[in-house]
Amino acid sequence: MKNSVLLLLLIFIGCKQSNAPAIKISLIDSNKTLKISGLDYAIVQDINRDTTTNVWQNLIQIYCMPADTDMKDFQPIQPGKYMVKDSAVVFVPDTPFKPHQTYFMRYYRYDKGSTAWDYIKNHQKPGKKQYQDLIFMP
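Calculation notes
- Residues numbered from 1 in each chain as written.
- Predicted model: local features only at pLDDT ≥ 70, side-chain atom pairs only at ≥ 80, totals over all residues.
- Heavy atoms only, no water.
- Helix = DSSP H or I, 4+ residues; strand = E, 2+ residues; numbered from the N terminus.
- Buried < 20%, exposed > 50% of the residue type's maximum accessible area, 1.4 Å probe, protein only.
- Contact = heavy atoms within 4.5 Å.
- Salt bridge = Lys/Arg side-chain N within 4 Å of Asp/Glu carboxyl O.
- Pairing = 2+ DSSP bridges.
- Axes fitted to C-alpha atoms, helices over the stretch in contact; angles between N-to-C directions.
- Polar contact = N/O pair within 3.5 Å; in protein donor to acceptor, adjacent residues only side chain to side chain.
- Phe/Tyr/Trp six-rings, centres within 6.5 Å; stacked < 30°, edge-to-face > 60°.
- Lys NZ or Arg CZ within 6 Å of the ring centre and 35° of its normal.

A look at the overall build of the chain
Step number 1: Looking only at helices and strands, the chain has 4 helices and 7 strands in total.
Step number 2: For the chain, the succession of helices and strands along the chain, N to C, is α-β-β-α-α-β-β-β-β-α-β.
Step number 3: When each of the 138 residues of the chain is scored for burial, the buried share is 28%.
Step number 4: A separation threshold of at least 6 residues defines the contact pool for the chain, and within that pool the share at least 24 residues apart is 58%.

This is the structure we're talking about:
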């Protein structure tokens, strides 16, 4: 009986689907602009109504990948403008992306890591936000 309950519990945990959207990035406009899609439409529109300066830069950040990838947490943010088009966020850098240079987008997952189980499962410290780095090259 114990084994069957344990098996059902493992199946439930393994089959649990995440409701988090899959964030996708793509270069558009001849590799001059970055399009970020996969965000929830209602949330994007709500954030877009916020008048706080740099609201998108606090959520989605673009960086130039250093030669030593261990140093990527110490890179300055790529300056630019964020615009909302439908449910996508478009980033236009102040200086054009360099061809054959690797960049990455850091997307902070404010929806993850909020339960006690997330802290235990991910060996996460309280107050530390989870993020996802998406790499691209123009």
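Following the structure, the description resumes.
Section: unusual backbone geometry
Step number 1: In the Ramachandran plot, aspartate 29 falls in the positive-phi region, its phi being about 55 degrees despite a non-glycine side chain.
Step number 2: Mapped onto the secondary structure, aspartate 29 falls in the loop between β1 (24-28) and β2 (33-37).
Step number 3: Overall, the relative accessible area of 53% leaves aspartate 29 in the exposed class.
Step number 4: Backbone geometry at histidine 100 places phi at a positive 65 degrees, although glycine is not the residue there.
Step number 5: The residue histidine 100 is located in the loop between β5 (88-93) and β6 (103-109) in this model.

A closer look at the pattern of salt bridges
Step number 1: The final tally for this structure, using the stated rule, is 4 salt bridges.
Step number 2: Between aspartate 46 and arginine 49 there is a salt bridge, with its nearest N and O atoms 3.2 Å apart.
Step number 3: What makes aspartate 46 partly exposed here is its relative accessible area of 48%.
Step number 4: A salt bridge links arginine 106 to aspartate 73; its shortest N-O distance comes to 2.9 Å. Placement of arginine 106 in strand β6 and of aspartate 73 in the loop between β3 (60-64) and β4 (80-85) is noted, with a sequence separation of 33 residues between them.
Step number 5: Its relative accessible area of 47% is what places aspartate 73 among the partly exposed residues.
Step number 6: Ionic contacts of the salt-bridge type, sharing partners, join the residues Lys72, Asp73, Arg106 and Asp133 into one network.

Concerning the sheet that holds strand β7 (residues 130-136)
Step number 1: With respect to topology, 3 strands assemble into an open sheet ordered β3-β6-β7, the strand pairing being antiparallel. Both edges of this open sheet fall to β3 and β7, since each of them pairs with a single strand only. The average angle at which neighbouring strand axes cross in this sheet is 25 degrees, direction not considered.
Step number 2: Looking at chain direction, β3 and β6 are connected through 5 bridges and run antiparallel. Within the sheet, the bridge partner assigned to cysteine 64 lies in β6 and is tyrosine 103.

Some points on the side chain of glutamine 61
Step number 1: Looking at the element boundaries, glutamine 61 is found in strand β3.
Step number 2: At a separation of 2.7 Å, a polar atom in the side chain of glutamine 61 contacts the side chain of tyrosine 63.
Step number 3: Look past the residues within four positions of glutamine 61 in its chain and what remains in contact with it is Ile77, Tyr82, Phe104, Met105, Arg106 and Tyr108.

Considerations on the packing of aromatic side chains
Step number 1: Across all of its chains, the model carries 6 aromatic pairs by this definition.
Step number 2: Centroid distance phenylalanine 91 to phenylalanine 97: 6.3 Å. Interplanar angle 45 degrees. Geometry classified as tilted. A single burial state applies to phenylalanine 91 and to phenylalanine 97, both of which are buried.
Step number 3: Centre to centre, the rings of phenylalanine 97 and phenylalanine 136 are 5.4 Å apart; their planes meet at 80 degrees, and the pair counts as edge-to-face. With a gap of 39 residues between them, phenylalanine 97 in the loop between β5 and β6 and phenylalanine 136 in strand β7 connect regions that are remote in the sequence.
Step number 4: Over the ring of tyrosine 131 we find arginine 106; its NZ or CZ atom is 3.9 Å from the centre of that ring.

Worth remembering: the numbers are spatial, not functional.
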